[in-house]
Amino acid sequence: MSQKILVIDESLVATKLTENVLAQNFHGVDVLLAQRGNDAFDRFNVAQPDLILLNESLPDMDAESVCYRLLNEPATSKIPVVLLASNGNGDRIEERYENVIKVLPKPITPESLLEVVNATLSKNKPMGNPARQLLFHDPARTVFSGHTAFFSLRSALQMAYGDRLTGALRFFVNRYPIELFISKGRFLFATSRNFQMYCRESPVILSATNLGLIIEGQVAQAATGCPIFLFLSVRNGFPHDDVVQIVRDHGQRVFANLWTAGRVTFEFEEFQEFPEYAKNFPPGTEDPDNWILGSLRHVKFDNLMAAQRPDPNGSPAYTRKGYELIQKLKLNDVEARFATAINGAESLQSIAKKIGIPLNDALLIVFRFAALDIIDYWSSNVLSLPGAPVPAPAGAA
């Protein structure tokens, strides 16, 4: 299991430097980013880190508030925190909060950073993911399993689709897995028993629902994984077709967390029959790449890991099969305009300006297309583009 470090700092320059130092010295470590305190707590729903590097000042809360909340929540109380401080309050915070194991004075040197990270990670070996401890799980029904360090998320979906499997493809993140139900290779919906992660962005349907029913739905989802909207459609009589679309959309949204969770393990469990709540759910018609593209559209730039953030001065170029692949995708208008502007020579900034979109939106499209193996992304330090004998592409994801 990969170890993970969460850097909580609003400065992208500082976090990029930190990520570069860690990447050069810890090849089995994922570096996750959060620019605000509240964003960091959202990240814990997806990937619980083995170490937190916390800047003393954040846009929405101070370091002491973060340490207090971490220490008083059972899921995060044991995570070691290294405080990056310059205002002299670091020692006081270290004395008050037992989860703060070290204060590093700014400016941080690579040597001091590596020393504390190495000492902490070597002491705290990665534990087995608690999400694997599922009730009634039968290992004999596991058709395949893997790790995204070796097999991409896309490969896992393609295997289930290509072999026309029926069951659940589970990805083990934090305390609860994300489960994608598949019937004869067709995708039904993704879900999670983690209600907070599943309903982070909820439609109007919840605001028009009795609070008691919502609580019942939360309890049912935590116990069985049944999406709250399916529960409410039975209890509250919402139109079934509307609920089906909401469940599909929320499934792609919850699956989107996997793209920025670092490396995770997964397995496919074959079913003889689905849980009661999924038995009559109609399969979708998308192939894996279109389903994945729908999920990738929910990824926000701020949630990208440091290693996933493309160089804004780079240039996209189609892979050998990229142009053929993109013809099969249901692109939105901006993605289609971006796709037609790729010529293997023009910079990303020029493409963004030409089609009239913000640079961060262009960077996200690069991230989506790279995840689908449609493009290679050539960073600005590559002197020549494909066809030259020496350079190699720097993958965006």
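Residues numbered from 1 in each chain as written. Predicted model: local features only at pLDDT ≥ 70, side-chain atom pairs only at ≥ 80, totals over all residues. Heavy atoms only, no water.

Asker: Could you give an account of the packing of aromatic side chains, naming the residues involved and the relevant values?
Answerer: Summed over the entire model, instances satisfying the criterion amount to 19 aromatic pairs. Geometrically, the ring pair formed by Tyr-161 and Phe-187 is tilted, given 6.3 Å between the ring centres and 45° between the ring planes. Within this pair, whereas Tyr-161 is found in helix H6 (residues 153–162), its partner Phe-187 is found in strand S9 (residues 186–192), the two being separated by 26 residues in sequence. Geometrically, the ring pair formed by Phe-271 and Phe-274 is edge-to-face, given 5.8 Å between the ring centres and 85° between the ring planes. Owing to a relative accessible area of 11%, Phe-274 belongs among the buried residues under this scheme. By the ring-pair criterion, three or more aromatic residues cluster together here, those being Phe-144, Tyr-161, Phe-171, Phe-187, Phe-255, Trp-259, Phe-266, Phe-268 and Trp-291. One cation-aromatic arrangement involves Arg-69 over Phe-41; the distance from NZ or CZ to the ring centre is 3.8 Å. Over the aromatic face of Phe-301 sits the side chain of Arg-309, whose NZ or CZ is 4.9 Å from the ring centroid. (Phe/Tyr/Trp six-rings, centres within 6.5 Å; stacked < 30°, edge-to-face > 60°. Helix = DSSP H or I, 4+ residues; strand = E, 2+ residues; numbered from the N terminus. Buried < 20%, exposed > 50% of the residue type's maximum accessible area, 1.4 Å probe, protein only. Lys NZ or Arg CZ within 6 Å of the ring centre and 35° of its normal.)

Asker: Kindly report on empty space enclosed by the protein, identifying the contributing residues and their values.
Answerer: Summary: where empty space remains is shown by rolling a probe the size of a single water molecule over the atoms. Using the criterion set out here, one finds 1 cavity of 30 Å³ or more in the structure. Estimates place the volume of the largest cavity at around 30 Å³. Along its surface, the largest cavity is lined by Leu-33, Ala-34, Gln-35, Asp-39, Arg-43, Asp-302 and Asn-303. For the lining of the largest cavity, the elements supplying multiple residues, two or more each, are strand S2 (29–34) and helix H2 (37–43). (1 Å grid on protein atoms, 1.4 Å probe; cavity = no way out; pocket = protein on both sides within 12 Å on 5 of 7 lines; lining within 4 Å. Points joined across faces, edges and corners; volume = space filled by probe spheres on them.)

Asker: Describe the packing of H6 against helix H12 (residues 288–296), with residues and values.
Answerer: Orientation of H6 relative to H12, taken along the N-to-C sense of each, is 140°, at an axis distance of 10 Å. What the angle tells us is that H6 and H12 run oblique. Crossing hand, H6 versus H12: right-handed. Seen from H6, the contacting residues are Arg-154, Leu-157, Gln-158 and Tyr-161; seen from H12, they are Pro-288, Asp-289, Trp-291 and Ile-292. Classifying every residue of the contact of H6 with H12 by side-chain character gives 5 nonpolar, 1 polar and 2 charged. (Axes fitted to C-alpha atoms, helices over the stretch in contact; angles between N-to-C directions. Parallel < 35°, antiparallel > 145°, perpendicular 65-115°, else oblique. Left-handed = near helix turned anticlockwise from the far one by under 90°. Contact = heavy atoms within 4.5 Å. Nonpolar A, V, L, I, M, F, W, Y, C, P; charged D, E, K, R; others polar.)

Asker: Describe unusual backbone geometry, with residues and values.
Answerer: Residue Pro-107 is bonded to the preceding Lys-106 through a cis peptide linkage, with omega at -5°. Note that Pro-107 resides in the loop between strand S5 (100–105) and helix H5 (110–123). For Lys-184, which is not glycine, the phi torsion reads 50° and is therefore positive. Checked against the element boundaries, Lys-184 lands in the loop between strand S8 (176–183) and S9. Judged by its relative accessible area of 53%, Lys-184 falls in the exposed class. Despite not being glycine, Asp-373 has its phi angle at roughly 60°, a positive value. The exposure class of Asp-373 is partly exposed, given its relative accessible area of 43%.

Asker: Explain the packing of helix H14 (residues 333–341) against helix H15 (residues 348–355) residue by residue, including any values.
Answerer: The interhelical angle for the contact between H14 and H15, taken along N-to-C directions, is 130°, at an axis separation of 10 Å. Between H14 and H15, the angle falls in the class oblique. Note on packing geometry: the crossing formed by H14 with H15 is right-handed. Between H14, through Val-334, Arg-337, Phe-338 and Ala-341, and H15, the contact on the second element is made entirely by Leu-348, Ile-351 and Ile-355. Class assignment of the residues belonging to the contact of H14 with H15 gives a composition of 6 nonpolar, no polar and 1 charged.

Asker: Explain the nonpolar core to me, and be specific about the residues and the numbers.
Answerer: Across soluble globular proteins, nonpolar side chains show a tendency to be buried alongside one another. Grouped together as the largest cluster of nonpolar side chains are 109 residues, with contacts concentrated most on Leu-54, Leu-169, Phe-171, Trp-259 and Phe-338. With 9 residues, the single largest contributor to this core is helix H16 (residues 359–371). Dropping the residues within four chain positions of it, Leu-169 is found in contact with Phe-144, Ala-156, Leu-157, Ile-178, Glu-179, Leu-180, Ile-182, Phe-266, Glu-267 and Phe-268. Counting 18 residues, the second largest nonpolar core, distinct from the first, contains Val-21, Leu-33, Leu-113 and Ala-306. (Core = buried A, V, L, I, M, F, W, Y, C linked by side-chain atoms within 4.5 Å.)

By themselves, these figures tell us nothing about what the structure is for.
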